[in-house]
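Observations on chain architecture
Spelled out, the chains give:
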Amino acid sequence: MHNRTKIIITILVLTSGLGFAQQESLITQYWDHLNFFNPAATGVDGTKATFSMREQWSQIEESPQTQMVSFGTRSGNRVGLGFSIMGDRTFIESQTMVGVDFSYHLPFTDELNVYLGLKAGGNFYNINTSGLQTYDLMSDPAINSINNFLPNVGMGAYVTFKDWYLSLSAPKLLGTKRAKEKDGVVSSATDRTHFYAAVGYDWYVNSNGSLFGGDDLRVVPSMLLRYVGGAPAVLDINTMVHINKSIGFGGTYRTSGSTAGIVQLNLNNITVGYVYETSTTVGIANAGQTNELLLQYRFN
């Protein structure tokens, strides 16, 4: 195999696995899929099913695309059960992460509640090299497609106190190698443990001097911190304003270099959300906007 082809494959694998070291897919409306990041949050808000679809950098062909499904429900007074699935595709690389989520409720007082959670699942990982073009007219037998399953486990804690919540989690604790290294050619990317911390507050604006009365106006500031070894921590700073429990709007600032506008509509038990996100990073800003759609159904 030519040295140039080795270099190309090396760049592809490193970019997909270690380029920015943030290996996990992300979504802006993370609070609606919180049990994907933290199994302890499963069933805390009752029974709900949520679907999201995210298309990143719309001007780039075969840019990252992510779909996510999560479900959570309560079983008795203490137990929460659910599952979470995320499908992610970028160029020749695709992966599907699946997890079964379990949560246990520890009530301390009427206002202080602690939830502990476990996640069991894994990642179906695939690299399809059949569409790659090399410098040779004939396909190179050293460029092999990869298809494997990588089991994993995760854990988390979720705390609510009055109108506050705090989330701490590591949804994938095991470091796994997606592929292998052979004859000096890099063909592997190691998944590292990602840590997540989120905090949020529900501020119900009272009627004193307000155009809205009681719980009609709700302001929800929140933050999500993501960290993995070898990369700078990334912080999402969010604020949402909900009016009459029917419409919400707000924005997000991400310290890695992006801003987003968010709008959500609530129709009875159904929530529809949309995110328009742009990058402030030089070079990536010309790649186009990122679009994210959300559909959620809450069961009575």
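Let me sum up the structure you'll find in this document. (Residues numbered from 1 in each chain as written. Predicted model: local features only at pLDDT ≥ 70, side-chain atom pairs only at ≥ 80, totals over all residues. Heavy atoms only, no water.)

**Brief notes about the pairing of strand S17 (residues 290-298)**
As defined by bridge partners, strand S1 (residues 48-55) adjoins S17 across 8 bridges and the pair is classed as antiparallel. Note on S17: the bridge partner recorded for Ala49 is Tyr297. In this structure, strand S16 (residues 270-279) lies alongside S17, joined through 8 bridges in antiparallel fashion. Across the sheet, residue Tyr274 finds its bridge partner in S17, namely Leu293. (Pairing = 2+ DSSP bridges. Helix = DSSP H or I, 4+ residues; strand = E, 2+ residues; numbered from the N terminus.)

**With respect to the nonpolar core**
Counting 17 residues, the largest nonpolar core has Tyr30, Phe37, Met68 and Tyr158 as its most contacted members. Breaking this core down by element, the ones donating at least two residues are helix H2 (34-37) and strand S10 (194-201). Counting residues per element, this core draws most heavily on H2, at 3 residues. If near-sequence neighbours (up to four positions away) are discounted, Met68 is found in contact with Ile27, His33, Phe36, Phe37, Thr50, Phe51, Ser52, Ile85 and Met86. (Core = buried A, V, L, I, M, F, W, Y, C linked by side-chain atoms within 4.5 Å. Buried < 20%, exposed > 50% of the residue type's maximum accessible area, 1.4 Å probe, protein only. Contact = heavy atoms within 4.5 Å.)

**What about empty space enclosed by the protein?**
Counting across every chain of the model gives 2 cavities of 30 Å³ or more. Its boundaries defined by the atoms lining it, the largest cavity holds a volume of some 140 Å³. Together, 16 residues line the largest cavity, and Met97, Val98, Lys119, Pro171 and Lys172 are the ones closest to its centre. Elements represented by at least two residues in the lining of the largest cavity include exactly H2, strand S4 (93-107), strand S5 (112-127) and strand S6 (146-161). For the lining of the largest cavity, the per-class residue count stands at 8 nonpolar, 5 polar and 3 charged. What the second largest cavity holds in volume is close to 30 Å³. (1 Å grid on protein atoms, 1.4 Å probe; cavity = no way out; pocket = protein on both sides within 12 Å on 5 of 7 lines; lining within 4 Å. Points joined across faces, edges and corners; volume = space filled by probe spheres on them. Nonpolar A, V, L, I, M, F, W, Y, C, P; charged D, E, K, R; others polar.)

**Details of the layout of surface pockets**
Within this model, the second largest pocket holds a volume of roughly 1000 Å³. Along the lines of polarity and charge, the residues of the lining of the second largest pocket split into 13 nonpolar, 18 polar and 11 charged.

**Considerations on the environment of Ile92**
Note that Ile92 resides in the loop between strand S3 (79-90) and S4. Remark: the alpha-carbon pair of Ile92 and Asn126, spanning 34 residues in sequence, is separated by 8.2 Å.

**Some points on the side chain of His33**
Mapped onto the fold, His33 is located in the loop between helix H1 (3-17) and H2. By relative accessible area, His33 is classed as buried at 0%. A polar atom in the side chain of His33 sits 2.8 Å from the side chain of Ser52. Among all residues touching His33, those that are not within four sequence positions of it are Ile27, Thr50, Phe51, Ser52, Met68, Val69 and Ser70. (Polar contact = N/O pair within 3.5 Å; in protein donor to acceptor, adjacent residues only side chain to side chain.)

**As for the pattern of salt bridges**
Taken as a whole and assessed by the stated rule, the structure comprises 8 salt bridges. Close ionic contact of Asp45 with Lys48 constitutes a salt bridge, the shortest N to O distance being 3.8 Å. Overall, the relative accessible area of 14% leaves Lys48 in the buried class. Ionic pairing is found between Glu277 and Arg254, a salt bridge with its closest N-O pair at 2.8 Å. Placement of the pair is Glu277 in strand S16 and Arg254 in strand S14 (residues 247-254), with a sequence separation of 23 residues. Of the residues examined, Glu277 reaches a relative accessible area of 5% and is grouped as buried. Judged by relative accessible area, which is 3%, Arg254 ranks as buried. (Salt bridge = Lys/Arg side-chain N within 4 Å of Asp/Glu carboxyl O.)

**With respect to the pairing of S16**
Every other side chain in a regular strand lies on the same face of the sheet, so the side chains alternate between the two faces. Alternating positions in S16 separate cleanly, Thr271, Gly273, Val275, Glu277 and Ser279 being buried on one face and Ile270, Val272, Tyr274, Tyr276 and Thr278 remaining unburied on the opposite face. The hairpin formed by strand S15 (residues 258-267) and S16 contains 2 residues between the paired strands, and Asn268 there has a positive phi angle of roughly 55°.

**With respect to the packing of aromatic side chains**
Inspection of every chain in the model, using the stated rule, returns 10 aromatic pairs. Residues Tyr115 and Tyr158 carry aromatic rings whose centres are separated by 6.1 Å and whose planes lie at 55° to one another, so their mutual orientation is tilted. Placement of the pair is Tyr115 in strand S5 and Tyr158 in strand S6, with a sequence separation of 43 residues. With respect to burial, Tyr115 and Tyr158 carry one shared label: buried. Through a chain of ring-to-ring contacts, three or more aromatic side chains come together here, namely Phe71, Phe83, Tyr297 and Phe299. (Phe/Tyr/Trp six-rings, centres within 6.5 Å; stacked < 30°, edge-to-face > 60°.)

**Notes on unusual backbone geometry**
Phi angles above zero are rare outside glycine, and Lys162 is one such case at about 55°. Along the chain, the position of Lys162 falls in the loop between S6 and strand S7 (164-170). What makes Lys162 exposed here is its relative accessible area of 54%. Positive phi values are uncommon outside glycine, yet Lys245 reaches one of about 55°.

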